[in-house]
Amino acid sequence: MKYKLVFLFFLSLSTFIYGQNHAQYADSIRKVNDIPEISYAVITADKILEINALGFHSTALKDPASLTDRFHIGSNTKAMTAFVIAKYVEKGKLKWNTKFFDLFPDLKKASKPEYYAITLQDLLSHRGRIQAFQGENDTIVPNFKGNSQEKRNQFGAFVLTLKPVALTDKTKYVYSNAGYTLATMMLEKVIGKSWEQLINKVFNEDLKMNVKFSWPENQLAKDTWGHSFENNKLVPVPSNTDYHLDFTEPSGDLNLTLQDYIRFIQLNIQGLQGHNNYLKASTYKIIHKGVEEYSLGWFNSYENDQDFSTHAGTAGTYYTLVSIDRKKYIGYIIFTNSFSETTVNGVRLLMRKLKKDYTN
């Protein structure tokens, strides 16, 4: 018992020292790389080893950072959309190998034959050869009419008329935001509810989080402003700016606090450890490691004999990065409210430092 108490004391002391050092390091990274706000956390399945919020909501408004701040998480939305879909796969509403055109036979005639065999898993793991729709050199999208779900359905039908992306011997997948719209169409079809309704059901009603759509509201309350990089300068972007993701919202358009996102990542860590929670442990295994290189909302990365699920996210005004050590079961999360080359470099430096210190 005495040995155990001494061990726990030194573990707590080392974590405290890490926290102090990392806060100083993170703030220096923030200042050098001109990042208005950095919030970060290091977590296990049931503990927060350290957490911090540093900086300001905006370059123009010096409201101090806090742990209640909300961040747009960009493509880290993909893992949350895959999580929702996984719940309904467990319920038997869909299967990972359900074919898209089994649910939408009416779209088959106008679609390219190369898409005929694509499955739900293909779409979530970017194996469908669907065009990317990442904002650069995208095909011009028609001005669809209707509510969000109706527009997604029209967009999905349009995407399937486009030429598939060619694969090479070196590429096993083509990263596609539009593929997540098609996967979401499958979910909406069998459940009879919109993606927005299902996100609210799973995360807000069932898991008691506070997940919202699009950018954090910063006009009616003090909260983070995203910052775009224009003419070599960060420009704060108000939340009432006209903005949409061209009908690919399920791939990248949620916002939440760091503390709620921690809860989501802890569920994943618990599942990777073999524990059932909201999803079964076997489902987490499929989500994270069911497909090589990119599974269902997660990149598989291997560094120095280490094993990670990782993903970054941005829609051009925030940048977030998360990594889960699948051997040590430690999660690393970094949220920022800007997007530029220096933001990305600063976040990567902080992530490297955190991993190094907790791995050694």
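Starting from 1, residues in each chain are numbered consecutively following that chain's sequence as written. Note on the predicted model: pLDDT of at least 70 is required for a residue's local features to be given, and 80 or more for side-chain atom pairs to be given and counted; whole-chain, interface and lining totals, by contrast, use all residues. Excluding hydrogens and water, the side-chain values take into account all heavy atoms of the structure.

### Description of the overall build of the chain
In terms of helices and strands, the chain carries 10 helices and 11 strands. Each radius of gyration is computed over the set of C-alpha atoms, and the globule rule expresses the reference value as 2.2 Å times the number of residues to the power 0.38. Its C-alpha atoms give the chain a radius of gyration of 21 Å, within 12% of the compact-globule value 21 Å for 360 residues. Using a 1.4 Å probe on the protein chains alone, a residue whose accessible area is under 20% of its type maximum counts as buried, one over 50% counts as exposed, and one in between counts as partly exposed. By residue count, 54% of the 360 residues in the chain fall in the buried class. Of the contacts formed within the chain by residues at least 6 apart in sequence, a portion of 66% connects residues at least 24 apart. Numbered from the N terminus, helices here are DSSP runs of H or I no shorter than four residues, and strands are runs of E no shorter than two. Residues are treated as being in contact if the distance between any of their heavy atoms lies within 4.5 Å.

### Looking at the confidence of the model for the chain
What pLDDT reports is the predictor's confidence in each residue, on a scale of 0 through 100. A residue-level look at the chain finds 94% of positions with pLDDT of 70 or above and a mean pLDDT of 93. This stretch, residues 4–11, has a pLDDT under 50; its non-local contacts, to residues over four places away or in other chains, come to 0 contacts.

### Brief notes about the sheet that holds strand β9 (residues 306–313)
Strands were regarded as paired on the criterion that DSSP finds at least two bridges between them. Pairing in this open sheet of 6 strands is antiparallel, and the strands run β2-β1-β11-β10-β9-β8 from one edge to the other. For this open sheet the edge positions go to β2 (48–55) and β8 (299–303), each flanked by a neighbour on one side alone. Neighbouring strand axes in the sheet, compared pairwise and without regard to direction, differ in orientation by 15 degrees on average. Pairing between strand β1 (residues 37–43) and β2: 7 bridges, direction antiparallel. Bridge pairing in β2 places S39 opposite A53. Axis lines are fitted to C-alpha atoms, over the contacting stretch for helices. Their N-to-C directions set the angle, which ranges from 0 to 180 degrees.

### Details of the sheet that holds strand β3 (residues 70–72)
Taken in spatial order, the 3 strands of this open sheet run β3-β7-β4, and their pairing is antiparallel. Two strands in the sheet have a free side with no partner beyond their single neighbour: β3 and β4 (212–213). When β3 meets strand β7 (residues 254–257), the two strands line up antiparallel, connected through 3 bridges. Its bridge partner being in β7, R70 is matched across the sheet by T257.

### What about the packing of aromatic side chains?
A pair of aromatic rings is counted whenever rings of Phe, Tyr or Trp (Trp by its six-membered ring) have centres within 6.5 Å, and the orientation is called stacked for planes under 30 degrees apart, edge-to-face for over 60 and tilted otherwise. As enumerated under the stated definition, the model contains 24 aromatic pairs in all. Aromatic side chains F83 and Y284 sit 6.3 Å apart centroid to centroid with 50 degrees between the ring planes, which places their arrangement in the tilted category. Within this pair, whereas F83 is found in helix α2 (residues 77–90), its partner Y284 is found in helix α9 (residues 281–289), the two being separated by 201 residues in sequence. With respect to burial, F83 and Y284 carry one shared label: buried.

### Re the nonpolar core
For the purposes of this section, nonpolar cores are sets of buried Ala, Val, Leu, Ile, Met, Phe, Trp, Tyr and Cys residues that join through side-chain atoms within 4.5 Å. In terms of nonpolar packing, the biggest core is built from 77 residues, with F83, F100, F203, Y261 and I265 touching the most fellow members. If one sorts the elements of this core by residue count, α2 sits on top with 9 residues. Those residues in contact with Y261 that lie beyond four places of it in its chain are I73, N76, M80, L256, W298, V322, I333 and F335. By size, the runner-up hydrophobic cluster in this structure holds 20 residues, among which are A26, F308, Y332 and M351.

### Regarding the packing of α2 against helix α6 (residues 177–191)
For the pair α2 and α6, interaxial distance at closest approach is 11 Å and the crossing angle is 30 degrees. As the angle between them shows, α2 and α6 are arranged roughly parallel. Crossing geometry of α2 relative to α6 is assigned as left-handed. For the pair formed by α2 and α6, the contact residues are K78, T81, V84, I85 and Y88 on the first element and N177, Y180, A183, T184, L187 and I191 on the second. Taken together, the residues of the contact of α2 with α6 sort by class into 7 nonpolar, 3 polar and 1 charged. Every angle not falling under 35 degrees, over 145, or within 65 to 115 is termed oblique; those three ranges are roughly parallel, roughly antiparallel and roughly perpendicular. For a crossing to be left-handed, the near helix must be turned anticlockwise from the far one by less than a right angle; the clockwise case is right-handed. Under the scheme applied here, ten amino acids are nonpolar (Ala, Val, Leu, Ile, Met, Phe, Trp, Tyr, Cys and Pro), four are charged (Asp, Glu, Lys and Arg), and all others, including Gly, are polar.

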